[in-house]
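# Tertiary structure, described
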Amino acid sequence: MFLIDKYFLSPRLSLLRPIHHPHPSSSGNRSCLLLGEVSSTDILKEAYRRNFPVKRAHSTSTMADAPENTTGSLKEQLAKVFEVSLKVTVPDESEVVPLIAPCSKKETGDYQCNNAMSLWSKIKGKGTEFRGPQPVGQAIMRNLPASDMIESCSVAGPGFINVKLSTQWIAKSIQKMLTDGIDTWAPKLSVKRAIVDFSSPNIAKEMHVGHLRSTIIGDTLARMLEYSKVDVLRRNHVGDWGTQFGMLIEYLFEQFPDGEVNDQDIGELEVFYKASKQRFDSDAEFKERAQQAVVSLQGGEEKYRKAWAQICDISRKGFEKVYQRLGVHLEEKGESFYNPYIPGTLDLLRKESLIEESEGAQVIFIEGKKIPLIVVKRDGGFNYASTDLAALWYRLNEEKAEWIIYVTDVGQREHFEMFFTAAKRAGWLPSDENKYPKTSHVGFGLVLGDDGKRFRTRSTEVVKLVDLLDEAKNRCKATLVDRGKAAAWTPEELDQTAEAIGYGAVKYADLKNNRLTNYTFNYDQMLNDKGNTAVYLLYAHARICSIIRKSGKDIEELKREGQLKLEKDEERKLGLHLLQFPEVVEEACTNLLPNVLCEYLYDLSEKFTSFYSECQVVGSAEETSRLLLCEATAVVMRKCFHLLGITPVYKI
């Protein structure tokens, strides 16, 4: 598990302060560089996901009854019980961490402790009384302290201790959540402040489907961390500084000599950008003026600064249309923000003798890499790496971030590996990746069309994100109209429902996949109301809400006065799955894998369907208890939807 170390930074870093803008240079698009196909070997294995996550953070969420004073997820509460037994069983072995995992065979129990074999390998030959791993397992089981959460234990094979949880304890824990609220189940990670760097479009260019993954994956990671009581700084590292602004500004002056320009005058910025690029490539005189415009911009001349600000503002308005549709909020700190910090940052690296001259450029050589990390180009300009290093210094020292997460395509993996290594060599980051402060690159694969190639329009243009989202909403609205909802609902209800389902379908179709893999964008599949889709899950939630409404009972009164019991097998399965929500969120957070939460949500819906098929709710003798179980399922589903950035619907 991770522990926060004190900042592993050189004292000299605190001396860094911004100076004047150097001349800008293009640093490329953070979220959408070219990437190749992702190998199937990149997919994380089920055994890793379920048994023991590679990266694990300490959690201190509260779930159990207050008199027991137990804290943590199910796995962690069990770990605390087994920790007591392990200290008694092998008192001479220090720092034995309980290895707790869900049982792979559900008939053997709910969870298992897997310490016996590893302990036996440590203690054999030390004069121990034990004669193998199974006797070790038997002793661990005998030494367990009394606990209301454990109903029974058994030892199987070479010492695996299978645990069956108390059904009554499961029911009481769920009912306590209904009373106290779902936020009491939130894991509390040991990291206090994190930065999630995501979306990052380029100024003067439309946001397209390539930005979709960075935006929604980053938003979900931020939401999960925020739910886990982490102070999250959402950063939009837009490409708002570089040599391209010389040609854009000069073309702006050429088209609008009086300097008076508005959004409508420019039209689509993408078209404006292409026209300026064409002039730059074909007209030597224009190119020279554009290069001089860069010098004027870097020198802070008001006329050029104003033109630059106009172009940026128009772009931001376009970005905001997308962010509003997606329900995403970010704080922009683009390349221009960090530019003043670059010279000081590089001076610090020079003092550490990390920067060397190579073929006219200034570089940092990274062991094991064929090419160095270029931090100053031959012409003296800065680049992507120099901006990232300055941003990292700022985030560590000014914003005091303990965990900095970068969400970009997997094609940038090597850049981040080199950039992180340089920061470790400088002493900014600890060499041990399990210590804080730390950095993580969250890579993702391509969005493909049905032809298996990069998703584009029929005219081979990259699909604009606004158009993609509007198409999903319109298709969903047409389906609702075909089902007669236009007559039954108000126009506002129809529009809001189509928006929630359409946008939710686009998000979920992306997030349910392991982010490292490519996935095929297909409207028909994502808007299907059967299978693992947002439409199916939203319908399932609406159906649960309908069951509660049709009962005519006051669910808040039932929470106060009713009692939840899990007498049938399908009730217990559903209850146990609900109780596993905190550890799933923690796993998805610490391993930066939104698909883990999607898998949990789909399984929850399937388990509810099984429960509802086997157990009558309204009108049954167990109506109160089962309505509470329905409500608990709906509450957890809504929290899952929130973490995924999906708006729930309450009727269909």
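The rules behind the values
Residues numbered from 1 in each chain as written. Predicted model: local features only at pLDDT ≥ 70, side-chain atom pairs only at ≥ 80, totals over all residues. Heavy atoms only, no water. UniProt positions renumbered as here; feature names shortened; annotations may be inferred. Salt bridge = Lys/Arg side-chain N within 4 Å of Asp/Glu carboxyl O. Helix = DSSP H or I, 4+ residues; strand = E, 2+ residues; numbered from the N terminus. Buried < 20%, exposed > 50% of the residue type's maximum accessible area, 1.4 Å probe, protein only. Core = buried A, V, L, I, M, F, W, Y, C linked by side-chain atoms within 4.5 Å. Contact = heavy atoms within 4.5 Å. Pairing = 2+ DSSP bridges. Axes fitted to C-alpha atoms, helices over the stretch in contact; angles between N-to-C directions. Phe/Tyr/Trp six-rings, centres within 6.5 Å; stacked < 30°, edge-to-face > 60°. Lys NZ or Arg CZ within 6 Å of the ring centre and 35° of its normal. Expected span 1.5 Å × (residues − 1).

An unreviewed UniProt entry annotates the protein as arginine--tRNA ligase originating from Tagetes erecta. What UniProt states about the protein under its Sequence similarities (unreviewed entry) heading is, verbatim, "Belongs to the class-I aminoacyl-tRNA synthetase family." Its UniProt record, at the heading Function (unreviewed entry), says of the protein: "Forms part of a macromolecular complex that catalyzes the attachment of specific amino acids to cognate tRNAs during protein synthesis."

### Focus on the pattern of salt bridges
Applying the stated criterion to the full structure yields 46 salt bridges. Taking the shortest distance from any N to any O, the salt bridge between Asp 510 and Arg 213 comes out at 3.1 Å. Here Asp 510, found in helix α18 (residues 491–511), pairs with Arg 213, found in helix α6 (residues 209–227); they are 297 residues apart in sequence, far enough to count as distant. Each member of the pair, Asp 510 as well as Arg 213, is classed as buried.

### Brief notes about the nonpolar core
In terms of nonpolar packing, the biggest core is built from 165 residues, with Leu 225, Leu 468, Phe 581 and Val 636 touching the most fellow members. Each residue touching Val 636, except ones within four places of it in the same chain, is listed here: Met 177, Ile 182, Trp 185, Leu 578, Phe 581, Tyr 600 and Leu 604. In terms of nonpolar packing, the next biggest core, distinct from the first, is built from 37 residues, Leu 373, Val 376, Trp 393 and Leu 429 among them.

### Considerations on the sheet that holds strand β5 (residues 193–197)
Where strands meet in a sheet, backbone hydrogen bonds hold them as pairs that are either parallel or antiparallel. If you trace the five strands from one edge of the open sheet to the other, you get β7-β6-β5-β11-β12, paired in parallel fashion. Of all the strands in the sheet, just β7 (331–332) and β12 (438–444) have a single pairing partner and so form its edges. Where strand β6 (residues 231–236) meets β7, two bridges bridge the pair, whose relative direction is parallel. Pairing of Arg 235 across the sheet is with Glu 331, part of β7. Each of β5, β6, β11 (403–409) and β12 touches helix α14 (residues 384–397); the most contacted strand, β11, lies at about 150 degrees to it.

### Comments concerning the packing of aromatic side chains
For the structure shown, the criterion picks out 23 aromatic pairs. Their ring planes at 80 degrees and their centres at 5.9 Å tell us that Tyr 406 and Phe 419 sit as a pair that is edge-to-face. In this pair, Tyr 406 sits in strand β11 while Phe 419 sits in helix α15 (residues 413–425), placing the two residues 13 residues apart along the sequence. Exposure class is identical for Tyr 406 and Phe 419. Each is buried. Ring centres of Tyr 406 and Phe 420 lie 5.7 Å apart, and the angle between their planes is 45 degrees; on these two criteria the pair is classed as tilted. With Tyr 406 in strand β11 and Phe 420 in helix α15, the pair connects residues that are 14 residues apart, well separated along the chain. Accessibility classification places Tyr 406 together with Phe 420 in one group, the buried group. Sitting above the plane of the Trp 403 ring, Lys 438 keeps its charged end 4.6 Å from the centroid.

### Let's talk about helix α16 (residues 465–482)
Taking 1.5 Å per residue, 18 residues should reach 26 Å; α16 reaches 26 Å between its end C-alpha atoms and fits that length. Those residues of α16 lying buried are Leu 465, Val 466, Leu 468, Leu 469, Ala 472, Lys 473, Cys 476 and Leu 480. Where α16 is buried, its residues touch α6, α11 (302–326), α17 (485–488), α18, α19 (523–526) and α20 (534–551). Gly 484 sits one or two residues past α16 and shows a positive phi near 85 degrees.

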